[in-house]
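In case you want the letters, here they are:
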Amino acid sequence: MNLDSTKAEAGMGFASWCGLLALLAALGICWQLRELLIQLFGAVVIAVALCGLVSKVEQQFCLKRWKALLISLFVIFSLAILLTALLVPPFVEQFSELLTQLPKALSYLAKLSNTFLLRIGQSNDFNISGGLKPLLGFAGNLGAAALQTLFVLAVAVMITAQPSGYYQVAVSLAPSFYRKRFSLVLISCGKALKSWMFGVLISSICVAILAFIGLSLLGIKLTIANAILAGMLNVIPNVGPTIGTIFPMAVAILQSPWKAVAVLVLYVFIQNMESYVITPSVMHHQLKLLPGLTLAAQVAFTLIFGPIGLLLALPLAVCMQVLIRDLLINDFLDGLKRPLGA
């Protein structure tokens, strides 16, 4: 009897060690494949948005899934082409001029402050031997980014075409006794992502409109480019609005120093409106993230995944919050019934 129990304990100990080694190996593989995993997550985020649109078209017109998907993609591409034709030409023209204003603004600040900035070399001569290599590197990075974007979009469309199949695959990765609960957790993650995307879309549009109106009233040049940049960079909290303030201030300071201060006040006002009025109004019943946790998530995911981690930090934080709340807190920590001191 003792021999059998000893063998059983040894077998359980061996199984535990094997499970731990398997877990460590899985974590090592995930770390090596982290760039692929973050791209797949980006595809899932896009697929969640597409699934909402496709499902509405499918139900509204009683169409098959693939027909609703084709109609949705056609509408999206048509709107993208229309917005590109209307906004991109003035944006590109103004943005190129905006980039030329930045060195001028820095030079103007250096003259005003009379500091060591005056001694920074501002030569615009292009050295072919030294400038060709960075140019080729930039072209290579741009091509790689384009291929990664196409991959993410292709995977997103594939997931949207058959969401139930991929959903079942994700559920089957959980232990058999926990699959029913895990399926509900995945549904909660999907709802949280939809709520976040809807809130970000509305808030970004409002920020762009407010920036356009405010800069127009102040008489700041390149209003369209700065307003579109403000809306686009609003997707990245904390960091994005700060970067978006630099461009209009660079243009304003060349017109008048007081206008640069006015632009700074305007953007602080817009961000407070977005943080305390627009976003709470849009997402008052939705998932909320604490500012400190948001900033920590941005830093952590940027260090792990790079620039794409900064872009996807918020949806990652949204899913992490749902998983921690439902899996760790509700199912594990709240399920512990041991009394204190036991």
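Quick caveat, the model's predicted, so the values are computed rather than measured. (Residues numbered from 1 in each chain as written. Predicted model: local features only at pLDDT ≥ 70, side-chain atom pairs only at ≥ 80, totals over all residues. Heavy atoms only, no water.)

1. A short note on the side chain of S72
Part 1: Within the element layout of this structure, S72 appears in helix α3 (residues 65-113).
Part 2: Sequence-distant contacts of S72, defined by excluding residues within four places in its chain, comprise L53, V54 and V57. (Helix = DSSP H or I, 4+ residues; strand = E, 2+ residues; numbered from the N terminus. Contact = heavy atoms within 4.5 Å.)

2. Let's talk about the confidence of the model for the protein
Part 1: For the protein, per-residue confidence averages 77 on the pLDDT scale, and residues scoring 70 or more make up 73% of the total.
Part 2: Low pLDDT (under 50) marks residues 115-132, which in the prediction has nine contacts with non-local residues, meaning those over four places away or in another chain. (pLDDT = per-residue confidence, 0-100.)

3. A look at unusual backbone geometry
Part 1: Despite not being glycine, C62 has its phi angle at roughly 55 degrees, a positive value.
Part 2: You can see C62 is positioned in the loop between α2 (34-61) and α3.
Part 3: Exposure remark for C62: the relative accessible area of 70% places this residue in the exposed category. (Buried < 20%, exposed > 50% of the residue type's maximum accessible area, 1.4 Å probe, protein only.)

4. Concerning the nonpolar core
Part 1: Ranked by internal contacts, the top residues of the largest apolar core, which has 20 residues, are F41, L193, W196, M197 and L316.
Part 2: Counting residues per element, this core draws most heavily on helix α12 (residues 313-333), which supplies seven residues.
Part 3: Setting aside residues no more than four positions away along its own chain, F41 makes contact with L312, P315, L316 and C319.
Part 4: In this structure, V207, A211, L266 and Y267 belong to the second largest nonpolar core, which totals 15 residues. (Core = buried A, V, L, I, M, F, W, Y, C linked by side-chain atoms within 4.5 Å.)

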